[in-house]
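# Remarks on the overall topology
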Amino acid sequence: MDNITTFRLPDVLRKRYERKGRSWDALAKAIFEANNRERGVDRRKLKRLCDGEDVYLSVSELLALDQYLRRFNEGLAENTIFYRGENILDSLAESEALTIFIAARYHQELKTETVSRWDMRAVTRFTRTKLAGMHIDIQDVLLWDRIEQIKDDDWIKMLKDDRAKVTIGSPLACPASEYLMARMVNLTPYQKEPLDIDKPLPFYFIFPDESDCPSTFFIQKSEAITLLQKKVREIESKVCNTQEIKESLTKKILEIESLKGDDRAIIVSQDVFISTRVGASYALLVAQRQPPVGQVVMSLCGTYGSTTLGLANVVTKGEINAVLPKFDSNKKQPLLVAVIEVITAPRSAGSYGPQEENRRLVSARVVRAPRFFNFSDGRWVEK
C-alpha cells in the first residue's frame, strides 16, 4: 500500500529519547518537569509506544505530551498525530529503470543455477508496487566457491551504471550486496580489516557459523564485544543518567558471548539484534544515492533467507517511511539504515522432511526506524 497512514508520535518521542542520552527515565522525567510535576507518562509506556506496541494513552497523558513537545515545535495542537508520507519506494521510483540483483548457486546434480525461493519471492514483491511502471531487469549473481573468482563477473559493471538498484540477501548469500555496500562506505569488498573501534562502520554482521567469510562487514564475536565495551566506557563518562543504556549494552554483550550454532546478529551503532533461525530474526536495509547522477541503490540483508523476504515485504508495503535527500555531488552521500524484525515459525508437523525448509513467515515490522548516517571527519555519525 502506498502512502500509508503513519502514527507520528513514536518518531518524535524517539528523537527526544536520543537527545536525553537514550534514557527512557530521563525522557519521562523531562515530560513530568515540563508539566510542573503534575502529570506525565510512565517510562515503560514511552518505550512501548516507540517500539510500535498498541498502547492506551489517557487524555491527561496526551496533554502532558503536548505540553512537553510544544517546546520543540512538535506540539499535538500544532501538528497532526497521523500523517501520510513518502517512503523509500518513492526514492527508487525517481529512476526510469531498476535492476534487482539476486544470488544464484550452481547445482551439480541439476547442472544449472538455482535461486532461493525466499529470494525469488522477495524479487516478485517489487514488481507489484508503484515500481511496476519502471523498466525492471533481474540480474542473477553467481556465488562462487572462491571470492577471487567474482572479480570478472559482468554484474559488477552493472552495479556502476545509472539505474536504480536493489540487491537481495546479505553479503554471505549475495556478492552484489557486498560490492554495493562496500562502495557506499568507500571500502574494498571482501577485504576484512581489523576492527577500528574509534572509527566503526554504521553496521556490522555477526555470523558465527560462517566465520570464514571475508566480508568487509562481518566481525567476530570478540570484536563485537570489544566495540560494545567501548560504548559502555563512553556512557560511564557522561554526566546524564545512562544506567538503563549501560545495563542494556551489558546484556547484549552477554548475548553475543552466548551465540551458538547458526544464531546470528546485526549491530547498528550501539543497538544489537540477535537472530535465531526460528522465532525472531532481523534484517538490515541500507540505502544511498549513487554518483554520478544520484540514482538510489539499496541492499536488503536478512540474517536468513526468510528474514530477507520479511524485509522485502515491509519495504514494498511502503512501511520504510523515509526518502533520501537530494543528491549533492560535492559531498559523501548519507546512508539510510533501518532494521526490521521477522517472526518465523515451523510449518505443521509432517509437511516437510527433516532436511527440508520447514519455516513460514508470521510477521514483519520495523524495530529501528530509518535514520541517516553522515560521513564527517573520517567517521560515520548518526544524525
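Residues numbered from 1 in each chain as written. Predicted model: local features only at pLDDT ≥ 70, side-chain atom pairs only at ≥ 80, totals over all residues. Heavy atoms only, no water.

Right, let's get into the sheet that holds strand β7 (residues 203-206). Ordered in space as β7-β8-β9, the 3 strands form an open sheet in which the pairing is antiparallel. For this open sheet the edge positions go to β7 and β9 (271-275), each flanked by a neighbour on one side alone. Sheet twist, expressed as the mean angle between neighbouring strand axes with direction ignored, is 15°. With 4 bridges joining them, β7 and strand β8 (residues 264-268) adopt antiparallel strand pairing. Across the sheet, Y204 pairs through a bridge with I267, a residue of β8. (Pairing = 2+ DSSP bridges. Helix = DSSP H or I, 4+ residues; strand = E, 2+ residues; numbered from the N terminus. Axes fitted to C-alpha atoms, helices over the stretch in contact; angles between N-to-C directions.)

Bringing the packing of helix α2 (residues 24-34) against helix α3 (residues 43-50) into the picture now. For the pair α2 and α3, the least separation of the axes is 8 Å and the interaxial angle reads 110°. One way to sum up the angle between α2 and α3 is to call them roughly perpendicular. Judged by the sense of rotation from one axis to the other, the crossing of α2 with α3 is right-handed. Residues W24, D25, L27, A28 and I31 of α2 form the contact with α3, whose own contacting residues are R43, L46, K47 and C50. When grouped by side-chain class, the residues that make up the contact of α2 with α3 number 6 nonpolar, no polar and 3 charged. (Parallel < 35°, antiparallel > 145°, perpendicular 65-115°, else oblique. Left-handed = near helix turned anticlockwise from the far one by under 90°. Contact = heavy atoms within 4.5 Å. Nonpolar A, V, L, I, M, F, W, Y, C, P; charged D, E, K, R; others polar.)

Turning next to a positive patch on the surface. Together, K15, R19, K331 and K383 make up a positively charged patch on the protein surface. Structurally, the position occupied by R19 is in helix α1 (residues 9-19). (Patch = residues over 30% accessible without salt bridge, like charges linked within 9 Å, V, L, I, M, F, W, Y side chains within 5 Å. Areas by Shrake-Rupley, 256 points an atom, 1.4 Å probe, with all protein chains shown as cover. Salt bridge = Lys/Arg side-chain N within 4 Å of Asp/Glu carboxyl O. Lys, Arg positive; Asp, Glu negative; His and termini not counted. Charge placed at Lys NZ, Arg CZ, Asp CG, Glu CD.)

With respect to the helices and strands, V315 occurs in helix α11 (residues 305-316). Note on V315: relative accessible area 0%, which makes it buried. Separated by 24 residues in sequence, V315 and P291 place their C-alpha atoms 23 Å apart. Those residues in contact with V315 that lie beyond four places of it in its chain are I88, L89, F126, L285, M298 and I320. (Buried < 20%, exposed > 50% of the residue type's maximum accessible area, 1.4 Å probe, protein only.)

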